[in-house]
Structures are given as C-alpha cells and as structure tokens.
Amino acid sequence: MKTLSKIDFQNIKSVGIRVDFNVPIDENFNVTDETRLLRAIDTINFIKEKKCKILLISHFGRPKDNFESKYSFQNLIEQFSNILNEKINLIPYEYFLQKGLVKFQQFKENISLLDNIRFFKGEKINDLIFSKNITDHLDLYVNEAFSASHRSHASVNQMVKNIQSLPGFNFEKEIIAIDEIKNSSKKKLAIIGGSKVSTKINTLLSLTKSCSNIFIGGAMANNFLKFKDIPIGNSLLEEGSEKMIEEIYHNAKKFSCEIHLPLDVITDKFEKYLINKLPLDSNFKILDLSDISINLLDNLISKSEIVLWNGPMGMIENENFAYGSSKLASLLANSPSQVVIGGGDTLLAINIAGINFDQFHFVSTAGGAFLEALEDKQLPGVEALNLS
C-alpha cells in the first residue's frame, strides 16, 4: 500500500479526503467530542501545504436516502471551521444534485465539505456512476476514515478504485496497530469489556490465536461467570451465549491463551464481593470491578509487551461504577507496554479518568471497524486501497 508522504504532488491540484466527521452532538447541535475532527488534521494540513483544493467527504448519523435537515452538516459547518482553524465551504445537497462538482475548483475557499454523503443513494449501494461524479473532478483520493472502512459504500470502496488513492496518516496508524496485535511475536494481553458476547465473538476468537492472555470484564463477564456456575444475581446477561463461550474456551485451549475473569466485584448496592462469596439470591447486580481484580490486571499488564483494551470494565455512565475502568486507564497510561486503545466507549472511560490520549501508544477512533479488522477478514475500505 502506497503512503501519502511519498507521493509526488507536481500534477495533483485537487484532492478528495474521506474523513469521519460523524461527531457526537448535544440537543443544540454542539459538538461534544472533537477527537474525530482532530484526527484528520495532519492529513488535511499536509495536503493543504501542497496548494491543492480539498474536498472533504463524510457521513453523519444514519439518514435515509435523501436530505434530512437534522443530519445535515449545515448545522455543524461553522464549528468545523473553528475547530480545524480553516474556513470550510459547505456544498449543499441540492447544489450537488443540480451542478455536481463542476465548479469545485473555482470556489474561493481552499477546503470544501460535501453535505452528508449518506444523503445520496449511490453511496450506500456502492454505485460506480455516483462515485465517478465525484472522483472525475479529483486528481487524488485519500481515505482517512478507517472507522467507515468496514462498509461497502462508494466513498470507502468504489471511489478508491476510480483514481490514484492512498490511506491518510491516521488510517495508516490504525492498520499498523491492528497488524501489531494480530501478527507481532511480542507477548500480548487483550482486555475486553462491554455488554454482549455476540458482538465480539469473532474478535475474541481471533484474539485467542494471537494473545497469551485475555481478561474479560464489564457486563460481558457476567456470562462467563454464570458459565462457570458462579451466581450473578440479577446482573445483565445475554441469553443463549453458552455455545459462544464454549467456543472461546475451546479456541483458547487450542492456542494456549489463558482467559481471566474478575476476582472481585462491586454491586449496585455499593458492596464489594469476592467472586466465590457472591450471595445466592438474585437481589443484586454486578456493576464494576474491585481492587483484587485491578491487582490481577496490573500483574497481567506487567507481563505483557503489547496490551489491547476495548470496552469499559463497569457501568461507566454512572460515575459510581467507573472505578474499575478509571483504575485500569491509569495502569495502562503508566505502563511501559505498547498500549492500544480500541475505540468506542473505551474513549469515554479514558476521558472520565482524566487521562490524555497522548499517554498511550495508539488510540483508535474506529469502533466497530477496529473490531472487525481484528477478525480474520479484510475490510472493504482496506481491500480497495490494497488494489489501487
């Protein structure tokens, strides 16, 4: 795969960049987390310095196949300009339908943003004609949206095939981090939280092949504890997960990977229990890890060269049950290990702990795409770049 830093820009005057500006907002359309915007800055600035016209392309939310005002970037364009410290011109939905990008290079602004790419039916059906209506006006295409690269959509798959295309700088880092987890010979630990086994079954099966140790936390651990006949009261449980857990343990044994579960927990009544001392009645919910589990994690981290963390260790939306996740974030921030943070709610856990992302080797913002990339399959966005 070619890299952006090694491209000759002599004959490149216009560049399309697929970014992920699907940012979280409040009820007044105020951006509440700028991380995804900031991750694109290095790539945008690098291309801007080459005196190119830039067309930014992104999705936002899940609109149907046409314009919906609540999903339009018209609500956010001014904030985007302020955050990126650059006046950005919005190309409205209706304008693009009528005139396309014929006058794109004549806009006075150096950077333009096409309104929500998912307003257009051609995006979701990966349509060649739709994609060429965009790439025919570009000299280079850059995918800086690894988070969307598990979708077979035009902006991450087809457009890449139309013209010379490359990954953005952050996209490259995502690929490198995943490759290190899957293929490095270093001793690896995966710390996996969240609620459902079913959403991470394939990721866990893949990790048993590459990791020496896996620690299961969060509500997901309830399923593993029950599988081992440990009482979990009225804790969150995913019915029908037994066969998946059995498969995970089978794979772990096959590939000499040890599965670790919490040793002590905190309940909804703020009581701490050792796992083997949990009450037999159903009048409690497990909502967080406690100190002995944290000590176990500390020991596992100290023995590992690469650590992946994906998913909170407790119900972090309630600050009373963010203890385990915050303690884990602190341990990892101070570890000499190569720590990779796997996006999603893990980012919220780190923010709650008040820890800067710079303290980790790499922090992914890709969420579902990051997990899918850890599985034994190729993402459409990555596959297209490999072919370009």
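Since we're looking at a predicted model, the values are computed, not measured.

Before going further, it helps to examine empty space enclosed by the protein. If you walk through the whole model with that rule in mind, you get 2 cavities of 30 Å³ or more. Each pocket or cavity is described by its volume, and for the largest cavity that value is around 100 Å³. Looking at the largest cavity, the residues that line it are Asp20, Arg36, Arg39, Ala40, Glu144, Ala145, Phe146, Ser147, Asn170, Glu174 and Thr365. Taken together, the elements giving at least two residues each to the lining of the largest cavity come down to helix H1 (35–39) and helix H8 (169–183). Of the residues assigned to the lining of the largest cavity, the class counts are 3 nonpolar, 3 polar and 5 charged. Put simply, the second largest cavity is a space of about 30 Å³. Lining the second largest cavity, in full, are Met1, Lys2, Ser165, Leu166, Pro167, Leu385 and Ser388. Per-element accounting of the lining of the second largest cavity gives the leading share, 3 residues, to strand S6 (residues 165–167). Residue classes in the lining of the second largest cavity are distributed as 4 nonpolar, 2 polar and 1 charged.

Glancing now at the sheet that holds strand S11 (residues 272–274). Two modes of strand pairing occur in sheets, parallel and antiparallel, and in both the strands are linked by backbone hydrogen bonds. Strand order in the open sheet formed by 3 strands is S11-S10-S12, and the pairing between neighbours is antiparallel. Only two strands of the sheet have a single partner each, and these edge strands are S11 and strand S12 (286–289). Each neighbouring strand pair of the sheet contributes to a mean axis angle of 40°, computed without reference to strand direction. Inspection of the sheet shows strand S10 (residues 264–267) paired to S12 by 3 bridges, in the antiparallel sense. Counted as the bridge partner of Val265 is Leu289 from S12. On the sheet, helix H13 (residues 323–333) packs against S10 and S12 and is oriented at approximately 20° with respect to S12.

Procedures and definitions
Residues numbered from 1 in each chain as written. Predicted model: local features only at pLDDT ≥ 70, side-chain atom pairs only at ≥ 80, totals over all residues. Heavy atoms only, no water. 1 Å grid on protein atoms, 1.4 Å probe; cavity = no way out; pocket = protein on both sides within 12 Å on 5 of 7 lines; lining within 4 Å. Points joined across faces, edges and corners; volume = space filled by probe spheres on them. Helix = DSSP H or I, 4+ residues; strand = E, 2+ residues; numbered from the N terminus. Nonpolar A, V, L, I, M, F, W, Y, C, P; charged D, E, K, R; others polar. Pairing = 2+ DSSP bridges. Axes fitted to C-alpha atoms, helices over the stretch in contact; angles between N-to-C directions. Contact = heavy atoms within 4.5 Å.

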